[in-house]
Each structure stands twice: as structure tokens, then as C-alpha cells.
Amino acid sequence: MKCLVTEKVNEEGLKVLREHCEVNVFLQKTRDELKSEIKDYEILIVRSDTPVDKELIDAGEKLKAIGMAGIGLNHIDVEYAKSKGIAVFNVPDGSFNSVSELALAMMLTTMRKVAAANYAVKKGSWNKTGFTGNLLTRKTVGILALGRIGRRVAQLCQGFDCKVIGYDPYLKPEVAEEMGVALMSLEEVLKNADVLSIHMPLTPETKHMIGEKELAMMKDGSYLFNLGRGGIVDEDALYNALTSGKLSGAGLDVLEVEPPSADNKLFGLDNCVITCHIGAGTIEAQEYIAKSLANQVIEYLNI
């Protein structure tokens, strides 16, 4: 049995796969090259940069399993794959600590102006009074979606004596109560949060869920952080909120277009910290994800 890997996956996971099948790591190829190559493989392993649509699935004439080395499946046509008898796997618990810790890092970096101060010092400026920020301690943190990541962010923020409120239409109130999180409507969270942390998947319902109207509801001088998916926040509306002073700052690990164009307006703002979708980018998370995914595929195919 043959396995095609289209993106960088932790070597420990590849070792597991190689014990059971032939593995070909096929990086930085064109779409046409990938479509031509995939026809000979029973297993396809991807990360978030390889769209697996109907066209690619049809090109995989022998495909039996598709593995996503991460959480999100929005770039994979899961239903079409299943209709063709192809199983789809991911690792939903693989990076929740990594993403959650990055969320806190984003909050602290943005609210304390760490990135701006670092840049200024390295350019020769030593302005001790020019980077006065805000504490995270005892702020009201609003979390949109209280899955594994949202719950962990809530725990970490509670360690800063924050009051945590949340919006999650799928979470039972008694579960939220056990977590020490006050469940509210989306509008109530937006109006009450000093810090908004977004951890939702991108769906037709969440596309531009946070736009001009929603940002206008937020407190003057509040902060927004998106570690869910690009496209949940309307970037034009966010730019306006950051330049008008409505929001004091924002942190984004995800953008609507990835990789973004160099003329993205948000890049010119000192009060917007942006990273390149590195939420799951820790050694520990990547090793766990790769090995867990490999074992799922091997067990399913009985190889």
C-alpha cells in the first residue's frame, strides 16, 4: 500500500507509516503534478495548505483514506470523499494546548505592546514611556466557541483572575457552569467583553460573523483575537475599528486569504499582531498529531 504526503509532517508519524506502507513525501508541487501523482496511492496525508476537492479526490483512483494532520477539515470535501467510500481522519485533540497558549501569548503581546516595543528597541529607540498598555488581569474575556480550545483558553484566563463569558449555542448551560463560564448570547458577549477570543470553525454561518455591526457593539478600547479561521472576522471592518480607535488592538493567527497579499491593510497597523497560522506549531503537538493520525489510518486499513 502506498501513502502520499503533500506537506511537512512530523518525522515520528512518518516512521509509523513507513513500518506499514510505502511513503512518498511530495512537497511544493503544482496542482496538476499532484493530480497526476495521486492516482497511484491508497492513502493521502495533508495539512491545511492542500485543498482536497472533488477534482483531486476523483484523481485519486485508488484512494481509501485521507488524513488531515491537524484539526480543521474545511478544505476537504468530506462528504464527497465518504460518498466514494474514502474515510477521512483528523486529530481534533492534537493542538488544543498549543493554540490556547498562543491565544494567551497574543493577548499579552498585543495588550502590553511587546511586538511594537521589540521592533522599536531594535531600531535604536529606548522609549520606556511610549509603550504603556493594558493588563489582562481581572478583565472580562469573551470566548466564541467553547470546544477544547475555547475551554482551555477559559482556564488560562481564569488564572489571570479574569471573568470569562462565552457564546456557544451547542454547549449545555450546566457544562459551562462547571467551567466557571457565564453563557450569553453573541450580542451580550460582544457588549460585555474587554477581550474577545474567537475559536470557531469557518462555516457558511460563521463567515464574516464579526463585521461592522458586531464590532460597533464592542466596548470602546477593547481587544479582539482570532485563532479560529480566517473569514470569521471581516478584515475591512476590523481595519476600520482599529484605525478609528474603537478597538485598542487585535491579534490574528488566521487570515481570510492565506498566504495573504503584501498589500493587506492590516500589515500597516502597529496595534494589530499577525502570525502565519502557527497555532498548532509546537514540537509536542506536531509529534502527537502525526503519530495519532498514522495510527488511525493504519488501524482503519488493517495494514
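These numbers come from a predicted model, not from an experiment.

Cut-offs used in this document
Residues numbered from 1 in each chain as written. Predicted model: local features only at pLDDT ≥ 70, side-chain atom pairs only at ≥ 80, totals over all residues. Heavy atoms only, no water. Helix = DSSP H or I, 4+ residues; strand = E, 2+ residues; numbered from the N terminus. Rg over C-alpha atoms; globule rule 2.2 N^0.38 Å. Buried < 20%, exposed > 50% of the residue type's maximum accessible area, 1.4 Å probe, protein only. Contact = heavy atoms within 4.5 Å. Areas by Shrake-Rupley, 256 points an atom, 1.4 Å probe, with all protein chains shown as cover. Pairing = 2+ DSSP bridges. Axes fitted to C-alpha atoms, helices over the stretch in contact; angles between N-to-C directions. Expected span 1.5 Å × (residues − 1). Salt bridge = Lys/Arg side-chain N within 4 Å of Asp/Glu carboxyl O.

Draft legend 1. Structural view of the overall build of the protein. From N to C terminus, the protein includes twelve helices and twelve strands. In terms of overall size, the protein behaves like a compact globule, its C-alpha atoms giving a radius of gyration of 21 Å where 303 residues would be expected to give roughly 19 Å. Over its C-alpha atoms, taken along the principal directions, the protein stretches across nearly 60 × 50 × 30 Å. When each of the 303 residues of the protein is scored for burial, the buried share is 47%. Within the protein, contacts between residues at least 6 apart in sequence are counted, and of these 59% link residues at least 24 apart. Only carbon and sulfur atoms are counted for the fraction: they give 49% of the accessible area of the protein, which is about 15,200 Å².

Draft legend 2. Up close: the sheet that holds strand β9 (residues 195-198). Across the sheet, which stays open at both edges, the seven strands sit in the order β8-β7-β6-β9-β10-β11-β12 with parallel pairing between neighbours. Two strands close off the open sheet at either side, each with one partner strand: β8 (182-183) and β12 (272-274). Sheet analysis places strand β6 (residues 140-144) next to strand β7 (residues 163-167), joined by five bridges and oriented parallel. Looking at β7, one finds that G142 is bridged to I165. The sheet strands contacting helix α11 (residues 235-244) are β10 (222-226), β11 (247-252) and β12, and the helix crosses β11 at an angle near 140°.

Draft legend 3. Inspection of the sheet that holds strand β2 (residues 22-25) at higher detail. A sheet is described by the order of its strands in space; here five strands give the open sequence β2-β1-β3-β4-β5, paired in parallel fashion. One side of each edge strand has no neighbouring strand; the edge strands of this open sheet are β2 and β5 (87-89). Strand-to-strand, the axes of this sheet are offset by a mean angle of 15°, without reference to chain direction. Pairing of strand β1 (residues 2-5) with β2, which is carried by four bridges, proceeds in the parallel orientation. For C3, the partnering residue across the bridge sits in β2 and is V23. Here helix α12 (residues 283-301) sits on the sheet in contact with β3 (43-46), β4 (65-68) and β5, set at roughly 160° to β5.

Draft legend 4. Quick peek at α12. Over its 19 residues, α12 extends 27 Å from the first C-alpha to the last, a length consistent with the 27 Å expected when each residue adds 1.5 Å. Looking at the buried residues of α12, the elements they touch are α1 (11-18), β3, β4, β5 and α5 (96-111). Positive backbone phi, approximately 55°, marks N302, located one or two places after α12.

Draft legend 5. Fine view of the pattern of salt bridges. Using the criterion set out here, one finds twelve salt bridges in the structure. As a salt-bridge pair, R18 and E11 come within 2.7 Å of each other at their nearest N and O atoms. Residues K84 and D58 are paired through a salt bridge, measuring 2.8 Å at the closest nitrogen-oxygen approach. Highlighted residues: K84 in the loop between α4 (78-83) and β5 and D58 in helix α3 (residues 54-59), separated in sequence by 26 residues. On the accessibility criterion, D58 (36% relative accessible area) is partly exposed.

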